[in-house]
Amino acid sequence: MKIMKFGGTSVAHASNINKVIDIILESLKRGENIVIVVSALSGITDNLIMLANLALKKDLKYKTIFQNIYGRHNQAIKELINSKNKEKVLKKINKKYSELEKSVKNIFSAQELSLASLDLVMSFGEQLSSFIIGEGIKSRGISCEFVDSREVIKTDDNFGSANVDLEKSYRLMSDCFKGKTLSIMGGFIASTKNGETTTLSRGGSDYTASLVGAALNASVIEIWTDVDGIMTEDPRKMKNALLIPEISYEKAEEMAYNGAKVIHPKTIRPAVLKNIPIYVKNTFNPKGQGTRISNGIETQ
Ligand code: ADP
Ligand code: ASP
Ligand code: MG
């Protein structure tokens, strides 16, 4: 079993999503079962937060944000889903839009934005992306099972940065994914035992991938992003940053805690405990070697 996580830029729009599907197909050819974890389309989580805050202030500009969110997802559906399935997918997505509108209207009329309602609003980014990308994969002739992350990752009610009940979640995930060749789920989102939606903190989809990997004793966890791997410095700020091809769990965790956004700091722990290597790879340069995070002893 292998876990492949694709971040926001990797799934920004249909043309990038098609690159992601190419990478998944390549991996499937090698015969391993795969769980795909996806983030929201890039910028959508920020849009959703803005939406909730504008609704709180009764600022009608929130309507423009809705249009942007719908436009981005509808365009992806238009380009990714074949005509046979398009109507069914649009029906499902319109239902999601209505749920989102309902949660935003509640903020508007109550004039209150609790962390719980912000989590619910933010969760639509991953709810929408995971469903649409799963259908996009099916449109390319491959069966792919959609899993609602909120049914398999259980947390406390520390909204905004919920703590995962590992024992329960690992059991639910191992039951859910047993024997499945290809499944897809949203990163970042989870739920309490009462079914309230929670999130694992910003950038938390990497952590989701690691949790799934640990639950399934995966052979590898791959974090596919928009840079060649973990670099000596943020390559967007330092032109001469160098790729680090191999790094220990400890050092990677330290870099993440010190702000290297390429990997969420919580990602490392579940992988260490099961000794699963994590690879950080570039969706836009899939042949690049990437970074291997491990305990330092080459096992492959
Ligand atoms: P994703 O949406 O794929 O999760 P992120 O934006 O969360 O991607 O993380 C990737 C970004 O992390 C890169 O675009 C890069 O600018 C930034 N980054 C910060 N520090 C580092 C580093 N040391 N090595 C690589 N990337 C880094
Ligand atoms: N979409 C979420 C965020 O923007 C989670 C993630 O991208 O990992 O924080
Ligand atoms: Mg990230």
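The notes below deal with the structure included here. Note that this is a predicted model, so its numbers are computed, not measured.

1. So, the packing of aromatic side chains
Where two aromatic rings form a pair, the distance of their centres and the angle of their planes describe that pair. If you walk through the whole model with that rule in mind, you get 6 aromatic pairs. An angle of 65 degrees between the planes, with centres 5.9 Å apart, marks the rings of Tyr62 and Phe66 as edge-to-face. Taken as a pair, Tyr62 and Phe66 lie in helix 3 (residues 62-80) at a separation of 4 residues, close to a single helical turn. Looking at Tyr62, the relative accessible area reads 9%, which means it is buried. A relative accessible area of 7% means that Phe66 is categorised as buried. Their ring planes at 35 degrees and their centres at 5.5 Å tell us that Phe66 and Tyr70 sit as a pair that is tilted.

2. Describing the site of ligand 1
Within the structure, ligand 1 sits among 17 residues, and Thr225, Asp226, Met231, Asp234 and Arg236 are positioned closest to it. A distance of 3.3 Å separates an oxygen atom of ligand 1 from a polar atom in the backbone of Val262. Relative to its free-state accessible area of 580 Å², ligand 1 is covered by the protein chains to the extent of 89%. Per-class residue counts for the shell around ligand 1 are 7 nonpolar, 4 polar and 6 charged.

3. Structural notes on the pairing of strand 8 (residues 220-225)
The element strand 8 is extensively covered by neighbouring structure, given that 6 of its 6 residues are classed as buried. The alternating pattern of strand 8 places Val220, Glu222 and Trp224 on one face and Ile221, Ile223 and Thr225 on the opposite face, and all of these are buried. The sheet contact formed by strand 1 (residues 2-6) and strand 8 spans 5 bridges and is parallel. Opposite Lys2, over in strand 8, you have Val220 as the bridge partner. Relative to strand 10 (residues 278-282), strand 8 runs parallel, the two sharing 5 bridges. Each residue of the ladder has a partner; that of Glu222, found in strand 10, is Tyr279.

4. Overview of unusual backbone geometry
Across residues other than glycine, the phi torsion is negative in most instances, and most of the peptide bonds are trans. Positive phi, close to 95 degrees, is recorded for Ser201, a residue that is not glycine. By secondary structure assignment, the location of Ser201 is in the loop between strand 7 (197-199) and helix 8 (205-215). Its identity as a non-glycine residue notwithstanding, Asn217 has a phi of 50 degrees, on the positive side. Mapped onto the fold, Asn217 is located in the loop between helix 8 and strand 8. Exposure remark for Asn217: the relative accessible area of 52% places this residue in the exposed category.

About the thresholds
- Residues numbered from 1 in each chain as written.
- Chains lettered and ligands numbered in written order.
- Predicted model: local features only at pLDDT ≥ 70, side-chain atom pairs only at ≥ 80, totals over all residues.
- Heavy atoms only, no water.
- Phe/Tyr/Trp six-rings, centres within 6.5 Å; stacked < 30°, edge-to-face > 60°.
- Helix = DSSP H or I, 4+ residues; strand = E, 2+ residues; numbered from the N terminus.
- Buried < 20%, exposed > 50% of the residue type's maximum accessible area, 1.4 Å probe, protein only.
- Near = heavy atom within 4 Å.
- Polar contact = N/O pair within 3.5 Å; in protein donor to acceptor, adjacent residues only side chain to side chain.
- Areas by Shrake-Rupley, 256 points an atom, 1.4 Å probe, with all protein chains shown as cover.
- Nonpolar A, V, L, I, M, F, W, Y, C, P; charged D, E, K, R; others polar.
- Pairing = 2+ DSSP bridges.

This is a description of form; function is not addressed.
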